[in-house]
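# Descriptive analysis of the structure
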Amino acid sequence: MRIIDNVSEPLSDDLSALLDRLLAGRESEVVEFKEASRQFSLEKLGKYVSALSNEANLRGAESGWLVLGVSDDGELVGTSYLESIEQRQSVKQQIHQSIDQSLTVREIHEVSREGKRLLLFAVPPAPRGIPISWKGSYFGRAGESLVPLSLDKLDEIRRQSLDTDWSAVVVPEANLAHLDPAAIARARQGFKERHARVRAEDVDAWDDATFLDRIRLTHDGQITRAALLLLGAKTSTHLLTPHPAELTWRLEGEQQAYEHFYPPFLLSTTALVDRIRNVQMRLKPPNELIYREISKYEERSLLEALYNCIAHQDYSRRSRIIVTERPDRVEFISVGEFFDGAPEDYALDKRTPRDYRNPLLVTAMTELNVIDHMGYGIRRMVQDQVRRFLPLPDYDLNTTGEVHLTIHGAVIDEAFSQLLMVRTDLPFAEILALDRVQKGLPITSEAASELRAAGLVEGRRPRLRISSRIAAVAGDKAGYIRTRAQDDAHYARLVVDFIREYGHASRREIDDLLGKYLDEDLTPTQRRDKVSNVLRKMRAQGIIHNAGTRPQPRWELA
C-alpha cells in the first residue's frame, strides 16, 4: 500500500482493475459517471455523496463510486478538476462540514487511463440507522438518476437500528452487585405507581432478580445495558465503555459552571434538574391589579425532556446528553435523529409512535412510570407552557443526527403571554401558529389565512405580527399604534395637509412625511413602493397632480 492525500490507496494495478469493473458495470444506484472536464459543482458533489452513501447502505455495498472524467456512456474524456492534493483535501473537508460530521469522502483516487486523467471518489455507506443528508436534504438514486431519497428508503435505513437494540445487549461481566440499591428501590416505587392494580406487598415480596426480570431490565438474570444506565452504580460505568454514560449540565451567562452526572440515571436526572435555577416569576394580566406568580420552569417538563433524551438517544454514537441552562431558557441536546414522525405531530396529538430506537429501554422506563408509551410527552410540555403563559418548546432538527429541544423560561412577546391569560378558548393549532409568529418563524399560508380571518394577526408574510384585536385584549394598544400600518386614506390626508400648508411637496418631502407612519417591518424598497402607490392613487382620483418633471416631481393640489 502507498499513501495519497493522507488516505491509503491501493496499488495502481488494483485501481486499474477497479476502474475496469466500474466501467464494465456502467452506471447504477452506487456508480455515477460525470465528465467534469474542468470543474464540478460542490453542491452537486455533496448531493451525489449523500445519494451514493445512502444507496450503498441499502445495497450492502462497501462503497459508492463517483467517477469524474467519464461520460454517461462510459467514454473516457479526462478531467483537470482537483489537480492538487490541497484542492482534494479542501473538497473533502467542505463535504465533511456540510454533509455529516461522521462521514465524508473516504478516498479520492487519481487514475490515468489511455492518457486521460480520471478521479474516483470512494463514498462510504451510511452508518446503520443513520441516513446521510446534504445540507438537511436526503438524496438517493432511481436507476442512474439523482433524486430525493424516497420515504420508504428513508424509513428502511432508520429502522436498521431496530435490528440491534443497543440497550438490550447483555453485559456478561455485570451482576446485581453492580446496581445501586437506592435506584432499585426507586424503580419499585415507580412500578407500583404505574401498576396500581398490583398489590404493593406482592411487589415488595419479589427479590431483586425477579423484579428486574419483571420490568425487563434483565434477561434470565443477565444484566442489560439498559439496566446499567437506569440502575447501575456510578462505579459500574466502566461496564458500558466506550460509551461515556454521562449527563452534562452547563450554566451559561454571567455565571458559568458545569457538572457531570452518571448512572443510575433514574436518580441522577432529578439531581440534574435540581441544579437548574427555577425562580418565581411575576406576570401581570391585562386590566388586572394582581400579579400572577409562576415558576420559571415546570419541573415536570424539565424531567420529561431529560427522560426523552435518555430513552431515545442513539447510544451507538457514544455521546453524552448535554443540558445547557441559559438566563432565559434551557436547551437539551441528544444524538440521534428524531426517530418517528415530527415533533409537531405529537404536539397536535396526531401521531402515536410506532417504533423506538431503544425498545427495551423505552419499555423499562414505561414500566417505571417515568415516560409513557404513547408519545404524549411533547404535548404535555407544550400544555405546561400554555398553562404558564410562556413561549412553547422549540425542536431544532437542522443539525444532522441531533435533536435540540429548548424550553423557554422568559416572555418573548408580552402580548402573546397576555393573550393566553385572557383567551382560554383559542384552539391548540392556533396557539402553535401564534407562537411561531411571535418568534418570527414562518407559518403556512393556510395557517396565516386562518389567523388573519380570526383577527389574530396582520401584516405580510413572512413578517406577520400581533393584530390590533390581540393588542386590545392584551392592553398593548399604544404599542400597536406605533407599529401598525395606517390606511391609504390616512396617508392621503397627511399629504393634502402638507401641500395646503406649503403649496407643494417633493418626493423626498413626502417620503419623510409618511416614513414615520409606515409599517416598521417593511424593507426600504417596500416603503418606497408603498408611497408610490399612495401618490398614484391620489393622482388617479384627481386629488393631486405633478407640476414638475418625472425624475423630479413637484406635487400640487389639483
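All figures in this text were calculated on a predicted structure; none of them were measured in a lab.

### As for the overall build of the protein chain
- Tallying secondary structure elements over the protein chain gives 22 helices and 24 strands in all.
- Projected onto its principal axes, the C-alpha positions of the protein chain cover 95 × 85 × 40 Å.
- The proportion of buried residues among the 558 residues of the protein chain is 49%.
- A fraction of 63% describes how many contacts in the protein chain between residues 6 or more apart in sequence connect residues 24 or more apart.
- For the protein chain, the computed accessible surface area is about 27,400 Å², with 47% contributed by carbon and sulfur atoms.
- Side-chain charges in the protein chain split into 76 positive and 84 negative, and the spacing between the mean points of these groups amounts to 6 Å.

### Some points on helix α20 (residues 488-502)
- The end-to-end C-alpha separation of α20 is 21 Å, in line with the 21 Å expected for 15 residues at 1.5 Å each.
- Every buried residue belonging to α20 is among Tyr 491, Ala 492, Leu 494, Val 495, Val 496, Phe 498 and Ile 499, and all of these are buried.
- Looking one or two residues beyond α20, the residue adopting positive phi is Gly 503, at roughly 90°.

### As for the sheet that holds strand β12 (residues 247-251)
- Pairing within the open sheet is mixed, and its 6 strands lie in the order β13-β12-β16-β17-β19-β18. Here the strands that pair on one side only, and so sit at the sheet edges, are β13 (257-261) and β18 (394-396). Pairs of neighbouring strands in the sheet enclose a mean axial angle of 15°, with direction left out of account.
- Strand direction decides the pairing type here: strand β16 (residues 321-326) and strand β17 (residues 329-335), joined by 5 bridges, are antiparallel. Directly across from Ile 322, in β17, lies its bridge partner Ile 333.
- Seen against the sheet, helix α11 (residues 299-312) touches β12, β16, β17 and β19 (402-408) and runs at an angle of roughly 10° to β17.

### Brief notes about the packing of helix α14 (residues 377-387) against helix α16 (residues 428-438)
- At a minimum axis distance of 12 Å, the contact between α14 and α16 shows a crossing angle of 75°. Between α14 and α16, the interaxial angle falls into the category roughly perpendicular. Residues Arg 379, Val 382, Gln 383 and Val 386 of α14 touch α16, and the partners they reach there are Phe 428, Ile 431 and Leu 432.
- Here the residues of the contact of α14 with α16 sort into 5 nonpolar, 1 polar and 1 charged.

### Brief notes about a negative patch on the surface
- Taken together, the side chains of Glu 35, Asp 72, Asp 73, Glu 75 and Glu 144 make up a negatively charged region of the molecular surface.
- With respect to the helices, strands and loops of the structure, Asp 73 is situated in the loop between β4 (64-68) and α3 (85-99).

### Some points on the nonpolar core
- Ranked by internal contacts, the top residues of the largest apolar core, which has 89 residues, are Leu 231, Phe 332 and Met 365.
- Residue contributions to this core peak at 8 residues, all from α11.
- Once you skip the residues sitting within four places of it in the chain, Met 365 turns out to touch Leu 230, Tyr 307, Ile 310, Ala 311, Val 370 and Ile 371.
- Ranked by size, the runner-up nonpolar core spans 23 residues in total, among them Leu 52, Leu 68, Leu 82 and Phe 139.

### Overview of the pattern of salt bridges
- What the rule picks out here adds up to 29 salt bridges.
- Linking Lys 34 and Glu 32 is a salt bridge whose minimum nitrogen-to-oxygen distance equals 3.5 Å.
- Across the pair Glu 331 and Arg 329 runs a salt bridge whose closest N-O atoms are separated by 2.8 Å.
- Bridged by salt links that share partners, the residues Glu 29, Glu 55, Arg 59 and Lys 153 form one connected network.

### Brief notes about the packing of aromatic side chains
- One pass over the structure, following the stated rule, counts 7 aromatic pairs.
- Ring geometry for Phe 338 against Tyr 395: centres 5.9 Å apart, planes inclined by 85°, an arrangement best described as edge-to-face. In this pair, Phe 338 sits in the loop between β17 and α12 (343-347) while Tyr 395 sits in strand β18, placing the two residues 57 residues apart along the sequence.
- On the basis of relative accessible area, Tyr 395 is assigned to the partly exposed category, the value being 24%.
- Here Phe 498 and Tyr 502 contribute two aromatic rings whose centre-to-centre distance is 4.7 Å and whose plane-to-plane angle is 45°, an arrangement assigned as tilted. Of the two residues, Phe 498 and Tyr 502 are both situated in helix α20; the distance of 4 residues between them amounts to about one turn of the helix.

### A look at the confidence of the model for the protein chain
- Summing up the model confidence of the protein chain, the mean pLDDT is 85 and the portion of residues at 70 or higher is 91%.
- Mean pLDDT values for the elements of the protein chain range from 28 in strand β1 (residues 2-4) up to 97 in β12.
- Contacts for the low-pLDDT stretch residues 1-11, under 50 throughout, to residues beyond four places or in other chains number 26 contacts.

### Observations regarding the packing of α20 against helix α21 (residues 507-515)
- Two numbers describe how α20 lies on α21: the axes approach to 10 Å, and their chain directions differ by 130°. By the criterion of interaxial angle, the relationship of α20 to α21 is oblique. Viewed along their axes, α20 and α21 form a crossing whose handedness is right-handed. Note on element contacts: α21 touches α20 through Glu 509, Ile 510, Leu 513 and Leu 514, opposite Tyr 491, Leu 494, Val 495 and Phe 498.
- In terms of residue class, the contact of α20 with α21 is made up of 7 nonpolar, no polar and 1 charged.

### Regarding the side chain of Lys 153
- With respect to the helices and strands, Lys 153 occurs in helix α4 (residues 151-158).
- Judged by relative accessible area, Lys 153 falls into the buried class, the value being 17%.

### Quick notes on the sheet that holds strand β8 (residues 137-142)
- Strand order in the open sheet made by the 3 strands is β7-β8-β9, with antiparallel pairing throughout. Of all the strands in the sheet, just β7 (133-134) and β9 (145-148) have a single pairing partner and so form its edges.
- Relative to β9, β8 is paired through 4 bridges, and the arrangement is antiparallel. If you follow Phe 139 over to β9, its bridge partner there is Pro 148.

### Side note on helix α15 (residues 414-422)
- Of all the 9 residues making up α15, 7 are buried; the element is thus mostly covered by neighbouring parts of the structure.
- Among all positions of α15, only Ala 415, Phe 416, Ser 417, Gln 418, Leu 419, Leu 420 and Met 421 are buried.

### Digging into the pairing of β17
- The buried fraction of β17 amounts to 5 of the 7 residues, a majority that puts the element mostly inside the structure.
- The antiparallel hairpin formed by β16 and β17 contains 2 residues in its connecting segment.
- Bridge analysis of β17 against β19 gives 7 bridges, and the strand direction is antiparallel. Bridge pairing in β19 places Val 330 opposite Ile 407.

So, how was this worked out
- Residues numbered from 1 in each chain as written.
- Predicted model: local features only at pLDDT ≥ 70, side-chain atom pairs only at ≥ 80, totals over all residues.
- Heavy atoms only, no water.
- Helix = DSSP H or I, 4+ residues; strand = E, 2+ residues; numbered from the N terminus.
- Buried < 20%, exposed > 50% of the residue type's maximum accessible area, 1.4 Å probe, protein only.
- Contact = heavy atoms within 4.5 Å.
- Areas by Shrake-Rupley, 256 points an atom, 1.4 Å probe, with all protein chains shown as cover.
- Lys, Arg positive; Asp, Glu negative; His and termini not counted.
- Charge placed at Lys NZ, Arg CZ, Asp CG, Glu CD.
- Expected span 1.5 Å × (residues − 1).
- Pairing = 2+ DSSP bridges.
- Axes fitted to C-alpha atoms, helices over the stretch in contact; angles between N-to-C directions.
- Parallel < 35°, antiparallel > 145°, perpendicular 65-115°, else oblique.
- Nonpolar A, V, L, I, M, F, W, Y, C, P; charged D, E, K, R; others polar.
- Patch = residues over 30% accessible without salt bridge, like charges linked within 9 Å, V, L, I, M, F, W, Y side chains within 5 Å.
- Salt bridge = Lys/Arg side-chain N within 4 Å of Asp/Glu carboxyl O.
- Core = buried A, V, L, I, M, F, W, Y, C linked by side-chain atoms within 4.5 Å.
- Phe/Tyr/Trp six-rings, centres within 6.5 Å; stacked < 30°, edge-to-face > 60°.
- pLDDT = per-residue confidence, 0-100.
- Left-handed = near helix turned anticlockwise from the far one by under 90°.

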